[in-house]
Amino acid sequence: MPELPEVEVTRRGIAPHLVGHTIDTVTVRDARLRWPIPDTVRAIAGRAVRAVNRRGKYLLLDCGDGHLIVHLGMSGSLRLVAAGTPPEKHDHFDLGFDGKLLRLRDPRRFGAVLWTSQPPEAHPLIRHLGVEPLSRGLDGPRLHALTRGHRAAIKQYLMDGRRIVGVGNIYASESLFLAAIHPRTPAGRLSATRSALLAKAVKSTLRTAIRAGGSSLRDFVGSDGVYGCFQHRAWVYDREGQKCRRCGTLVRRIVQGQRATYFCPGCQK
Ligand SMILES: [Zn+2]
C-alpha cells in the first residue's frame, strides 16, 4: 500500500511537470474506484495547475478555484507517459497536458479521483485528518500535549490518522525503535523527553524513506518507475528472530490492533 513517503515521492516526481501547465484532456476509462469518479473532475480541463500539494496521503492538484483530489488507495500509482501511449489493463484515468499524460494505474481500484471547488481542508475526507508529521505542527511539546489522557499503546496511537496522519505500520515500528520506546507503552505515559525523541524519530524515519524513494512490499512504482529500497535497511521491521543491529538481542514480533509490530526488547523499554 502506498504510504505517506511514497505519496510524497510521487508528489515531488509529478509537480515539476504539472505546475504552470494547463490540463487539456480528462480521460476516464473505468470510473469504478473506491468511489465512482464523478463527472465533476472534468472541471480541471482548461485549468492550469498552480501547485501539487499533499495532505496525509491525498494529493491535491491546486487549480486556484478548485482542487483535484487523488488518493492511491491500496495499489495505485501515478506516472507520466507520452501522449498516445496505449493504456494497459489497470490504467483507469489520464490527465493530458503538453504532449504528456499523467496516468493513474490502480489494479485493486481502492484509489480515488475527486474534484472540489471548496477549500480542500473543508472536504469530508480531509477535514478530520490529524497533524502532519513532517510539519512544524508535530514536535516534542505538541506530541506530549496530544497524547495526554490517551491509554492506547503508543504504536497504535501513532497509526491513528485522526491524531497523526500517515505514519504507517513500517514507520511506526521503526520510529519507536529509534526513540527506544516499547511499542506497548501507553501514549499518555510518555514523558516530555521521550515525546521529543519520538517526534524527532518519526520525522527522520519518514524523511529517510522519502530519500530512499519510498518503500513498498510490491505494489508501489514511483512516478519515475523506481522501486523503493527503504525496507531493506529497516532496524526492526520484518526482522523477527534476527539480531538487533544495535545490541544483538533478537528482534520480536507482537500483534497490536491486528497489525504486526517489531521491536527490540533490549533497546526498547
Ligand atoms: Zn537492540
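Residues numbered from 1 in each chain as written. Predicted model: local features only at pLDDT ≥ 70, side-chain atom pairs only at ≥ 80, totals over all residues. Heavy atoms only, no water.

K.L.:
What's the story with the sheet that holds strand β5 (residues 77–82) in this structure? I'm lost.
P.N.:
Strand pairing within a sheet occurs via backbone hydrogen bonds; the two strands may be parallel or antiparallel. The strand order across the open sheet built from four strands is β1-β6-β7-β5, with neighbouring strands paired in antiparallel fashion. At either margin of the open sheet sits one strand with a lone partner, and together these are β1 (25–28) and β5. Strand after strand, the sheet turns through a mean of 20° between neighbouring axes, direction not considered. Of the pairings in the sheet, the one linking β1 to strand β6 (residues 91–97) comprises four bridges and is antiparallel in character. Across the sheet, residue T25 finds its bridge partner in β6, namely G96. Against the sheet, helix α1 (residues 4–18) contacts β5, β6 and β7 (100–105), and its axis sits at roughly 35° relative to β5. (Pairing = 2+ DSSP bridges. Helix = DSSP H or I, 4+ residues; strand = E, 2+ residues; numbered from the N terminus. Axes fitted to C-alpha atoms, helices over the stretch in contact; angles between N-to-C directions. Contact = heavy atoms within 4.5 Å.)

K.L.:
Is there a simple way to think about the sheet that holds strand β8 (residues 112–116) in this case?
P.N.:
Overall, antiparallel pairing links the four strands, which are arranged β2-β3-β4-β8 in an open sheet. Edge positions in the sheet fall to β2 (51–55) and β8, since each has one partner strand and no second. Across the sheet, the axes of successive neighbouring strands diverge by a mean angle of 25°, strand direction being ignored. Bridge analysis of strand β3 (residues 58–62) against strand β4 (residues 67–71) gives five bridges, and the strand direction is antiparallel. Its bridge partner lying in β4, L61 is registered against L68.

Treat this as a map of the structure, not an account of what it does.
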